[in-house]
Every structure is written in C-alpha cells, then in structure tokens.
Amino acid sequence: MTSRPSTHRLSRSVLAATALVASLVLVGCGSTTSTSASSSASAGAQAGGPGGTPPSGAPGGSGGGPGASTQQYTATGTYTLKSGTVSKSGASYTSSTKDRSAVLVTKSGKLTLTDARVTTSGTTSSSDESSFYGLNAGVLAENGGDITLDGGTVSTTGKGANGVFAYGSGSSVTLTGTRIKATGRYAHGVMASGGGKLTLKNVTADTTGANSATIATDRGSGTVDVTGGTFTTSGQDAPGVYSTGKITVTKATVTATGAEGAVVEGANSVVFKDTTVTGGKNGVMLHQSGSGDALVGTAVFTMDGGSLTAKGGDLFYVTNTTATITLKGGAKVKESNGKLLDVTAKSKATLKAYGEKLTGNVLSDSTSSATVVLKQGSTLKGAINKAALTLDSSSSWTVTADSTLTSLTGAEISGTKITNITGNGHTVYYDKSLTANKALGGKTYTLAGGGKLVAR
C-alpha cells in the first residue's frame, strides 16, 4: 500500500486527525494508495505542528467552527497603516522579530507599494494563527485594510511566514507582477481567510517548506482570483492550491512536486481556466478533514481547458466528502496509476465530462458511490468498479477490464447489441434490481467489439 495523497498541513486536532487517518487507511487498503490527513490550508490542520494542542475552536477545543475567532495574538508590523491613503515607490521593509509582519495595513488604511522589497525572517508563536489570521505574514491586510502591490518582491523564511495575507471581510490585497518566495513550514505564498480577498495578475510565487501551498485559503473562507503567473511548491505535503473558500485560476501554471496539484476541503471550490496543473502525487484531492476549518458540504472542482497531470497517483481522489467534478473546454487530463477517479471513505462523487477524452479506471469502495456522466462527444477508456454511468447519444465507453456498474443510462440498444460501449471481450455487470436500469429489462446484451453486458 503506497502513500495516499498528502496535502498541506497536519491535522489541527490531533485526536480527530488520528481517527480520520485510521479510518481512511482501513478503507483504502484494497487500493494501491493510502491516505494522510492534511491541513486547513493543506488538508488537515496544524495544531501548531505535529503533536500540537488543538486550539480553542478546533475539534476538541471550546467553541469555534469555520469562521469563529480563536485569535490570541495581535498583529504588528514594522510598517503599520491604520487609516488614510499612502503610496510609496521603491521602499524596503524588513522584520526579523517573532510574530511581526514587515507591512501591516488595517482598519481604513489604504496602501499602494510600487517595486517594494519586503523581507522577513521571524518565526511564529502559533502556526494556527498564521494560517487563520496572517500572524507573521510578510505583508498583511486585516480587518478592512487595503493593499496594492505593483511589482516588487516578498521574501519570507520563518515558520508560518506566509508571503501575502488578507484576513477579514473587507480586507483585500491586489498584486500585479510581484515575485513571492516563502521557505518556512506552513508558509504559503498567498493566503486569505475570514472573508479576505486576493487578486493576482502575473504573479510568481514559490514555496519550499512542508505544508505550504502557494495559493491557499483557511478558516472562515476567502476569495482568491488569479490571472496569469507561475506557482510552484516543492515541499512535502504542499499542494499547489488549497481551498477552504473560492479560488479561481486563469491562464497560469501550477506545479506541486510533493503533493496534489489542488485540494478542495468541504463546501468550497477550485476553478482552473486554461491553466496547466501538475501534481507530484494525485492531481486533485477533494475531502473533508476533521479539523473543523471548512463547512461540511459538496466540494466542487472545475477544469475548463488547460491540462491536469497526476505524476504519482490518482487523477481525482475523493475521500470523506461529497464532490462534483466538471471537465470541459478540451481539458487534457492524465493520471499515472491507472485511476481516473478513486472514491473512498463514505464519499459520493460525480464526474461530468463535456467533449472530453478520458482514460483511466473509475473506482468506489464499499462505503462510497460514484457517477460518471459523459456528454457532447466525450469518451472514456478504462474499467469501472461500482459506479453509475450516463452516456448521451454522442458519447461512448471503451472497456479495458471486467467492470461493474450500479446503473447504466443512455445505452444505444439495437436489438440485443449495445453500440456505444466497446467491450473488447470483457464482461460488464449491472444491477437489474435498480429502477435506473429498468430500460435494460434484466437482459444480457452483446457489446460492440465483443464482450457482454450482463444482469445480476
């Protein structure tokens, strides 16, 4: 059993994470991969790092839940703006002090920096508060602060030192052509939480520490809109994108060598438009961790054009959640282990393809369910193990191994032959007791290219 998808932090509640990991490993033993919990700006939570104490508001803490404040530290900055509008060009800002940002804008302050140089080396007292509220970030907008960065660089080296952070409703950061590098653990390139907003255009961001996505949101959600740019992670369990909010990336390149290309936790979303995405492990993970950082609900992933590659695992791995995956616009997708969709741990996943050419197997374990919908000339080449399949009249399935369908909708039947499924000599079973299979009449059919569809 090889390692399952990693993500971007360690579980915030150690007990909750341990229970989650145990359940996922037990469920996943029948497949070729196993799982680990992540981070809330990765896939689980952090609890201050391995072995940390669950913070107040996290599972095992008092109160809290997504969006609830557990803040214990007050943000400070080497340069702080609380009101008024200020513009500066070519300025440098540094901090080597623990928990201190180089630039902090709060309340009604509005700051525009052109070609600024921001450098910090201080660590954090709480990696949770760094991910929840931006403690120790290089550049931090909080509680209504507004920051514009035009060009320039942001470089951080401390633990929990996110490059650029927006915390709180009404807080926003707009970046154009800025270069960001964060090297510490739990140090993301750009991050939003508590309703903060980030807008990026042609930004370059790199992270090298473990559990450090380049684009992330955390507790209380956030919105990130990205156009153009390059985003790279090389640390262990550091996905390219980690969403507990709404993240849209257009015409960019996202590469994660030590984790997923993207992770969606809970009732949140990631949309890629004409973007090239590469995951060193799975392509995309959709899950619900035990951290309490994301509302329980449907995780949504959309790929419109562009490409998605999983270099070390499943293309889509769904665990402990409900998920909807949509592929359209000629998106090119490629897995490395033969699995297009792998659904585990009491999950429910729907994969919809519009005009797509898909290769790989579709699997769901005994506790889960999967549905594949092929429309507008989509094709699937692979095996299906316990999933529902819907085909429109222009789409088809080529079978590569004996398969089991829970239901089949849209089969093109000519007498006793099905013409839009090519069997290649394999047997496909379906459940004749399901209402969805009523049109098949409990009969056995010959498949194009040999093979049979058999009721049981």
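All values derive from a computational prediction rather than experimental measurement. Residue positions are counted from 1 within each chain, in the order its sequence is given. Given that the model is predicted, a residue must reach a pLDDT of at least 70 before its local features are reported, and side-chain atom pairs must reach 80 or more before they are shown or counted; all residues, however, enter totals for whole chains, interfaces and linings. Note that the side-chain values use all heavy atoms of the structure and ignore hydrogens as well as water.

1. With respect to the overall build of the protein
Move 1: Secondary structure elements follow DSSP: runs of H or I of four or more residues count as helices, runs of E of two or more count as strands, with numbering from the N terminus. A tally of regular secondary structure across the protein gives 2 helices and 44 strands.
Move 2: In this scheme, a residue with accessible area under 20% of its type's maximum is buried, one over 50% is exposed, and one in between is partly exposed, where area comes from a 1.4 Å probe on protein chains only. Expressed as a percentage of its 456 residues, the buried residues of the protein come to 55%.
Move 3: For the protein, contacts bridging at least 24 residues in sequence account for 68% of all contacts bridging at least 6.
Move 4: Just so you have it, the protein exposes about 15800 Å², and 49% of that area is on carbon and sulfur atoms. Contacts between residues were defined by any pair of non-hydrogen atoms, one from each residue, lying within 4.5 Å. In short, Shrake-Rupley with a 1.4 Å probe defines the accessible areas, and a residue's cover is counted only from the protein chains shown.

2. Thoughts on the nonpolar core
Move 1: We define a nonpolar core as any set of buried Ala, Val, Leu, Ile, Met, Phe, Trp, Tyr and Cys residues linked to one another through side-chain atoms lying within 4.5 Å. Counting residues in each nonpolar core, the largest one holds 84 residues, and the members touching the most others are Val103, Val164, Phe272, Phe301 and Leu341.
Move 2: Counting residues per element, this core draws most heavily on strand β37 (residues 384-391), which supplies 4 residues.

3. Description of the confidence of the model for the protein
Move 1: Across the chain, each position has a pLDDT score giving the predictor's confidence in that residue, from 0 to 100. Across the protein, the average pLDDT comes to 87, with 85% of residues at 70 or higher.
Move 2: Low pLDDT, under 50, characterises residues 1-64; the stretch is placed with 227 contacts to residues that sit more than four places away or in other chains.

4. Here we look at the pairing of strand β32 (residues 348-354)
Along any regular strand, the residues point their side chains to alternate faces of the sheet.
Move 1: When DSSP locates at least two bridges between a pair of strands, those strands are taken to pair. In this sheet, β32 lies alongside strand β29 (residues 322-328) in parallel orientation, the contact comprising 6 bridges. Looking at β32, one finds that Thr322 is bridged to Lys348.
Move 2: As defined by bridge partners, β32 adjoins strand β35 (residues 369-375) across 7 bridges and the pair is classed as parallel. Directly across from Lys352, in β35, lies its bridge partner Val373.

5. Comments concerning the sheet that holds strand β24 (residues 276-279)
Move 1: Pairing is parallel in the open sheet, where 10 strands are placed in the order β3-β6-β9-β12-β15-β18-β21-β24-β27-β30. This sheet does not close on itself; its edge strands, each paired only once, are β3 (92-95) and β30 (332-334). For this sheet the average axis-to-axis angle between neighbouring strands, irrespective of direction, equals 5 degrees.
Move 2: Examined bridge by bridge, strand β15 (residues 204-207) and strand β18 (residues 230-233) share 4 bridges and lie parallel to one another. Counted as the bridge partner of Thr207 is Thr233 from β18. Interaxial angle, 0 to 180 degrees, is taken between N-to-C directions of lines fitted to C-alpha atoms, where a helix line uses only the stretch in contact.

6. Some words on unusual backbone geometry
Among all residues save glycine, negative phi is the norm, and among peptide bonds the norm is trans.
Move 1: You will see that Lys251, though not glycine, has its phi angle at about 50 degrees, which is positive.
Move 2: Topologically, Lys251 is positioned in the loop between β20 (246-250) and β21 (253-256).
Move 3: Residue classification places Lys251 among the exposed positions, given a relative accessible area of 58%.
Move 4: The backbone phi angle of Asn320 is positive, close to 60 degrees, even though this residue is not glycine.

7. Digging into the packing of aromatic side chains
Any two aromatic rings considered together are summarised by their centre-to-centre distance and by the angle between their planes.
Move 1: Pairing of aromatic rings covers Phe, Tyr and the six-membered ring of Trp, with a centre-to-centre limit of 6.5 Å; geometry is then stacked below 30 degrees between planes, edge-to-face above 60, and tilted otherwise. Applying the stated rule across the entire model yields 5 aromatic pairs.
Move 2: When the centroid spacing of 5.2 Å and the interplanar angle of 90 degrees are considered together, the rings of Tyr133 and Tyr167 count as edge-to-face. Within this pair, whereas Tyr133 is found in helix α2 (residues 127-133), its partner Tyr167 is found in strand β10 (residues 164-167), the two being separated by 34 residues in sequence. Comparing Tyr133 with Tyr167, the two get one shared label, buried.

8. A short note on the environment of Thr250
Move 1: Along the chain, Thr250 falls in strand β20.
Move 2: The exposure class of Thr250 is buried, given its relative accessible area of 18%.
Move 3: Sequence-wise, Thr250 and Phe272 are 22 residues apart; in three dimensions their C-alpha atoms are separated by 5.9 Å.
Move 4: Residue contacts for Thr250: discarding those within four places in its chain leaves Val226, Thr227, Gly228, Lys273 and Thr275.

9. A short note on the side chain of Thr302
Move 1: If you trace the backbone, Thr302 turns up in strand β26 (residues 298-304).
Move 2: What makes Thr302 buried here is its relative accessible area of 14%.
Move 3: The residues contacting Thr302, other than those within four sequence positions of it, are Val270, Val271, Phe272, Thr326 and Lys328.

10. Description of the environment of Asn437
Move 1: If you trace the backbone, Asn437 turns up in the loop between β42 (427-430) and β43 (445-448).
Move 2: Considering only alpha carbons, one finds Asn437 and Leu408, 29 residues apart in sequence, at a separation of 6.2 Å.
Move 3: Filtering out sequence-adjacent residues up to four positions away, Asn437 remains in contact with Thr406, Ser407, Leu408, Tyr430 and Asp431.
Move 4: Within the structure, the side chain of Asn437 is placed 3.0 Å from the backbone oxygen of Thr406, a separation counted as a polar contact.
Move 5: For this analysis, a polar contact is any N or O atom pair within 3.5 Å, provided that within protein one partner can donate a hydrogen and the other can accept it, and provided that sequence-adjacent residues contribute only side-chain to side-chain pairs. A distance of 2.6 Å separates a polar atom in the side chain of Asn437 from the backbone oxygen of Asp431.

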